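This is what each chain is made of:
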Amino acid sequence: MTAAATPEELSGRAYLRLVALGALIGIPAALVAAGFLALVHELEDVLWHDLPDQLGYSSPPWYLVLGLPMLGACLVVAARSLLPGDGGHSPLEGLSAKPTPFAWGPGVALAALGTLAFGSVLGPEAPLIALGSVVGTAASSLVKLGPRENAVLATAGSFSAVRLKPALTACARSINSRTASYWVNPPASPSLSRPGAGA
């Protein structure tokens, strides 16, 4: 009978290297998260403000309130059926910290755009965690690491995507740039239950 195998301990140099890589992943992961949220906000403006204005309404008419979420659902179906990764992990499992493969990134982003920008009430945390994990997974593929180290970097990317975005917002505000602040900290997603929807 053999004893259960224990994971090999990291040497001091390997540990410091892993910590440094995790710290370096934080900035690109947070930038990907901020860029994704800025894209969501721009698409929301086009769909929920510019489009009704072009149609002659002061607020979204009933057919946009019904039709845009259905169009978003079609994007989610396309992401799940045509792209790898099934649009990300199942929301029924809660927030997932499992590493997200790089190839899943486009499907996760498209499925999230289909819900967030098209009016479904869904928070951005799960897609941000997945996209941050994609950044960590991509970085770990450039550096030869073991499975445990790959998981650590994917987790560092996930954490950074969610937690460093407020830091980027603070930096943008400190330089008092309206454009930078708008890009880093877009307003919240519209909801079907907001006042005046469908009027």
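Everything below is about the structure shown above.
It should be emphasised that the depicted structure is a prediction, and the values quoted were computed from it without experimental measurement.

### Some thoughts on the nonpolar core
Within the largest apolar cluster, 20 residues are counted, with the highest numbers of intra-cluster contacts made by Phe36, Val40 and Leu68. At the level of secondary structure, the elements contributing two or more residues to this core comprise α1 (12-54), α2 (62-82), α3 (105-116) and α4 (125-142). Broken down by element, the residue count for this core peaks at six residues, all from α1. With residues up to four places along the chain from it excluded, the contact list for Phe36 reads Ala109, Ala112, Leu113, Leu116, Leu128 and Leu131. Core analysis: the second largest hydrophobic core is formed by six residues, Leu21, Ala29, Val135 and Leu153 among them.

### What about the environment of Ser140?
Structurally, the position occupied by Ser140 is in helix α4. When the C-alpha positions of Ser140 and Gly22 are compared, they lie 9.7 Å apart, and in sequence the two are 118 residues distant. In this view, Ser140 contacts Leu145, Asn150 and Leu153; residues no more than four positions away in its chain are not counted.

### Re the environment of Pro60
With respect to the helices and strands, the residue Pro60 is situated in the loop between α1 and α2. In the structure, Pro60 is positioned 11 residues away from His49 in sequence and 7.4 Å away in space, judged by C-alpha atoms.

### Things to note about the packing of α2 against α3
Contact geometry of α2 with α3 gives a least axis separation of 7 Å together with a crossing angle of 165°. Here α2 is positioned roughly antiparallel relative to α3, judged by the angle of their axes. Of the two possible hands of crossing, α2 and α3 adopt the one that is left-handed. Listed contacts from α3 to Gly72, Ala73, Leu75, Val76 and Ala79 of α2 are Gly107, Leu110, Ala111, Gly114 and Thr115. A per-class count over the contact of α2 with α3 returns six nonpolar, four polar and no charged.

About the cut-offs
Residues numbered from 1 in each chain as written. Predicted model: local features only at pLDDT ≥ 70, side-chain atom pairs only at ≥ 80, totals over all residues. Heavy atoms only, no water. Core = buried A, V, L, I, M, F, W, Y, C linked by side-chain atoms within 4.5 Å. Buried < 20%, exposed > 50% of the residue type's maximum accessible area, 1.4 Å probe, protein only. Helix = DSSP H or I, 4+ residues; strand = E, 2+ residues; numbered from the N terminus. Contact = heavy atoms within 4.5 Å. Axes fitted to C-alpha atoms, helices over the stretch in contact; angles between N-to-C directions. Parallel < 35°, antiparallel > 145°, perpendicular 65-115°, else oblique. Left-handed = near helix turned anticlockwise from the far one by under 90°. Nonpolar A, V, L, I, M, F, W, Y, C, P; charged D, E, K, R; others polar.

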